[in-house]
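Given next are the chains, with one letter for each unit.
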Amino acid sequence: QEQLVESGGGLVQAGGSLRLSCAASGRTFSSSAMGWFRQAPGKEREFVAGISWSGGSTYYADSVKGRFTISRDNAKNTVYLQMNSLKPEDTAVYYCAARTDARRFTQAPMTRLYQYDSWGQGTQVTVSS
């Protein structure tokens, strides 16, 4: 499993931007599919964006498509989520996740919570109207 630490959350006005980072400390990052999820108060955790272990494929929830971009830097063991045109409904705790053995069996990003085996503690994003 990976140890994952998110950073970059905060308070921003609607229409603004934030970039989240997730630093991995294990030795399996380059083999791991990575994802971002979020959980708003009173709601279930939901998929936001995913990237394959190679970085060659990405996938987004419809609600963020065209506004958010997921990327990774395997040399830095870090995955990013660039969030633009933020809306109040984007307010949530954002979690980074890893599937550490993805390279063994898939080139595709993963979109389901149960597909991931490592999770960070989360970072709060609040978008004011």
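Placed above this text is the structure.
Just so we're clear, the structure is a prediction, and the values are computed from it rather than from any experiment.

Engineer: Help me out: how do you make sense of the overall build of the chain in this one?
Structural biologist: If you tally the helices and strands in the chain, you get zero helices and 11 strands. Shown N-terminal to C-terminal, the secondary structure of the chain runs as helices and strands in the order β-β-β-β-β-β-β-β-β-β-β. Its C-alpha atoms give the chain a radius of gyration of 14 Å, within 12% of the compact-globule value 14 Å for 129 residues. Its C-alpha atoms put the chain at 45 × 25 × 25 Å along the principal axes. Looking at the 129 residues of the chain, the share that counts as buried comes to 44%. A sequence separation of at least 24 residues applies to 62% of the contacts in the chain between residues at least 6 apart. In the form shown here, the chain has an accessible surface area of approximately 6600 Å², with 44% of it arising from carbon and sulfur atoms. Seen as two clouds, the 14 positive and the 10 negative side-chain charges of the chain have centres 4 Å apart.

Engineer: Which parts of the structure should I look at to understand the environment of glutamine 115?
Structural biologist: Relative to the helices and strands, glutamine 115 is located in the loop between strand E9 (92-99) and strand E10 (118-119). Spatially, the C-alpha atom of glutamine 115 lies 30 Å from that of leucine 11, the residues being 104 residues apart in sequence. Discounting residues that sit within four places of it in the chain, glutamine 115 has contacts with Arg99 and Met110. Here the side chain of glutamine 115 touches arginine 112 through a polar contact of 2.9 Å, landing on its backbone nitrogen.

Engineer: Got a minute to help me understand the sheet that holds strand E3 (residues 18-24) in this structure?
Structural biologist: Think of a sheet as strands paired side by side through backbone hydrogen bonds, with each pair either parallel or antiparallel. Strand order in the open sheet formed by four strands is E1-E3-E8-E7, and the pairing between neighbours is antiparallel. One side of each edge strand has no neighbouring strand; the edge strands of this open sheet are strand E1 (4-7) and strand E7 (68-73). The mean angle between the axes of side-by-side strands here comes to 15°, regardless of whether they run parallel or antiparallel. As paired strands, E7 and strand E8 (residues 78-83) are joined by six bridges and run antiparallel to one another. Directly across from serine 71, in E8, lies its bridge partner tyrosine 80.

Engineer: What is the right way to read the pattern of salt bridges from this model?
Structural biologist: Side-chain pairs of opposite charge can arise where the charged atoms are in close proximity. Within the structure shown, the criterion is met by five salt bridges. Aspartate 62 is the salt-bridge partner of lysine 65, the closest N and O atoms lying 3.1 Å from each other. A residue is classified by how much of its surface remains accessible, and lysine 65, at 47% relative accessible area, is partly exposed. For aspartate 101, the salt bridge is made with arginine 99, and the minimal N-O distance between the two is 2.6 Å. Owing to a relative accessible area of 24%, aspartate 101 belongs among the partly exposed residues under this scheme. Through salt bridges that share partners, Arg38, Glu46, Arg67 and Asp90 make up one connected network.

Cut-offs and rules
Residues numbered from 1 in each chain as written. Predicted model: local features only at pLDDT ≥ 70, side-chain atom pairs only at ≥ 80, totals over all residues. Heavy atoms only, no water. Helix = DSSP H or I, 4+ residues; strand = E, 2+ residues; numbered from the N terminus. Rg over C-alpha atoms; globule rule 2.2 N^0.38 Å. Buried < 20%, exposed > 50% of the residue type's maximum accessible area, 1.4 Å probe, protein only. Contact = heavy atoms within 4.5 Å. Areas by Shrake-Rupley, 256 points an atom, 1.4 Å probe, with all protein chains shown as cover. Lys, Arg positive; Asp, Glu negative; His and termini not counted. Charge placed at Lys NZ, Arg CZ, Asp CG, Glu CD. Polar contact = N/O pair within 3.5 Å; in protein donor to acceptor, adjacent residues only side chain to side chain. Pairing = 2+ DSSP bridges. Axes fitted to C-alpha atoms, helices over the stretch in contact; angles between N-to-C directions. Salt bridge = Lys/Arg side-chain N within 4 Å of Asp/Glu carboxyl O.

Shape descriptors only; they carry no functional weight alone.
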